[in-house]
Amino acid sequence: MRIWVNGGLHDAEDARLPVLDHGLTVGDGIFETVRTSHGRPFALTRHLDRLTRSARGLGLPDPDLDEVRRAVAAVVEANPAPLGRLRLTYTGGLSPLGSDRGDDGPSLVVALDGVTRRPDTTAVITVPWTRNERGALTGLKTTSYAENVVALARAREQGASEALFPNTADRLCEGTGSNVFVVLDGRVHTPPVASGCLAGITRALVVEWTGAEETDLPMRALAEADEVFLTSTLRDVQAVHRVDGRELPGAPGPVTAKAMRVFEERAGEDLDP
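None of the values given here were measured: they were computed from a predicted structure.

S.K.: Which parts of the structure should I look at to understand helix α5 (residues 201–210)?
M.R.: For the α-helix, the turn length of 3.6 residues means that residues three or four positions removed from each other point alike. Along α5, the residues classified as buried are Ile201, Thr202, Arg203, Leu205, Val206 and Trp209. A positive backbone phi angle near 80 degrees is found at Gly211, which sits one or two residues after α5.

Put into structure tokens, the structure is as follows:
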């Protein structure tokens, strides 16, 4: 693997950041995950727009998007893969121990590894921990991911690939790395950004391309839904066949199958929608 670190490509064993980088010591950083297909990134402009929004939300300088694009091109060329996960990480840079930032400026790391296509269906669980829809980091894609690590480990223990969170009002919010959609009486719904969920890139495209509605949903919507599906960069649209102990036979159902088909067709027509 060849990795871009602060201005150039390095072999994986030589790609290093200072141990006092603020992204490591206090989680002061943001990131994006971009799907690549045969060396071509999908929806890169949308991802870079969100990278900038997240930087501003943390009070980091705007990333130099020309440099980020150069880094992406170099890393994709250096790491050929039929299907890839491209990770852009932007941190507070070298800083003192503690929450104050240093003066050296931010760090940029871009890496890519090959992945396999996800299954058409998956199982999910719900967890008792909440998303804070009023928190300082709400809506930002930050590297402060420890609660997702804990929740995803719980899901793996129960034979699932994702864990779904309520928010502090016990409304349906999101997964550890995905957005959730439910089908009720033939209509597709997903929690609004005001619920505290991340404004996912795939989520936005599915809403735009399928006419899904943003709806404030109680957690019990998962028990009442005819169909449930997840969206994310690497899942695209993925049907759910089990929520906790409840089976959803026949997944993907007809509405989900149509959403999967529409997304695949539209994404194939335009790599930077």
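S.K.: I'm lost on the side chain of Ser195 in this one. Help?
M.R.: Among the secondary structure elements, Ser195 is positioned in the loop between β11 (187–190) and α5. For Ser195, a relative accessible area of 2% puts it in the buried group. Of note is the side chain of Ser195, whose polar atom sits 2.7 Å from the backbone oxygen of Pro192. Those residues within four positions of Ser195 in sequence are excluded, and the remaining contacts are Glu133, Asn167, Leu172 and Cys173.

S.K.: In this structure, what is going on with the packing of aromatic side chains? I would like to understand it.
M.R.: Two aromatic rings, taken as a pair, are described by how far apart their centres are and by the angle between their planes. All chains considered together, the criterion is met by four aromatic pairs. Here Phe42 and Phe263 contribute two aromatic rings whose centre-to-centre distance is 6.1 Å and whose plane-to-plane angle is 70 degrees, an arrangement assigned as edge-to-face. Residue Phe42 is found in the loop between β4 (40–41) and α2 (44–58), and its partner Phe263 is found in helix α7 (residues 254–269); the two are separated by 221 residues along the sequence. Taking relative accessible area as the criterion, Phe263 reaches 3% and is therefore assigned buried. Relative to Phe263, the ring of Trp209 lies with its centre 5.4 Å away and its plane at 50 degrees, an arrangement referred to as tilted. With Trp209 in helix α5 and Phe263 in helix α7, the pair connects residues that are 54 residues apart, well separated along the chain. One exposure class covers both Trp209 and Phe263, and it is buried. Connected via pairs of aromatic rings, a cluster forms that spans Phe42, Trp209 and Phe263. Above the face of the Phe42 ring, Arg35 is positioned so that its terminal group lies 4.8 Å from the ring centre. Above the face of the Phe165 ring, Arg131 is positioned so that its terminal group lies 4.0 Å from the ring centre.

The rules behind each value
Residues numbered from 1 in each chain as written. Predicted model: local features only at pLDDT ≥ 70, side-chain atom pairs only at ≥ 80, totals over all residues. Heavy atoms only, no water. Buried < 20%, exposed > 50% of the residue type's maximum accessible area, 1.4 Å probe, protein only. Helix = DSSP H or I, 4+ residues; strand = E, 2+ residues; numbered from the N terminus. Polar contact = N/O pair within 3.5 Å; in protein donor to acceptor, adjacent residues only side chain to side chain. Contact = heavy atoms within 4.5 Å. Phe/Tyr/Trp six-rings, centres within 6.5 Å; stacked < 30°, edge-to-face > 60°. Lys NZ or Arg CZ within 6 Å of the ring centre and 35° of its normal.

Purely spatial values, then, with no claim about function.
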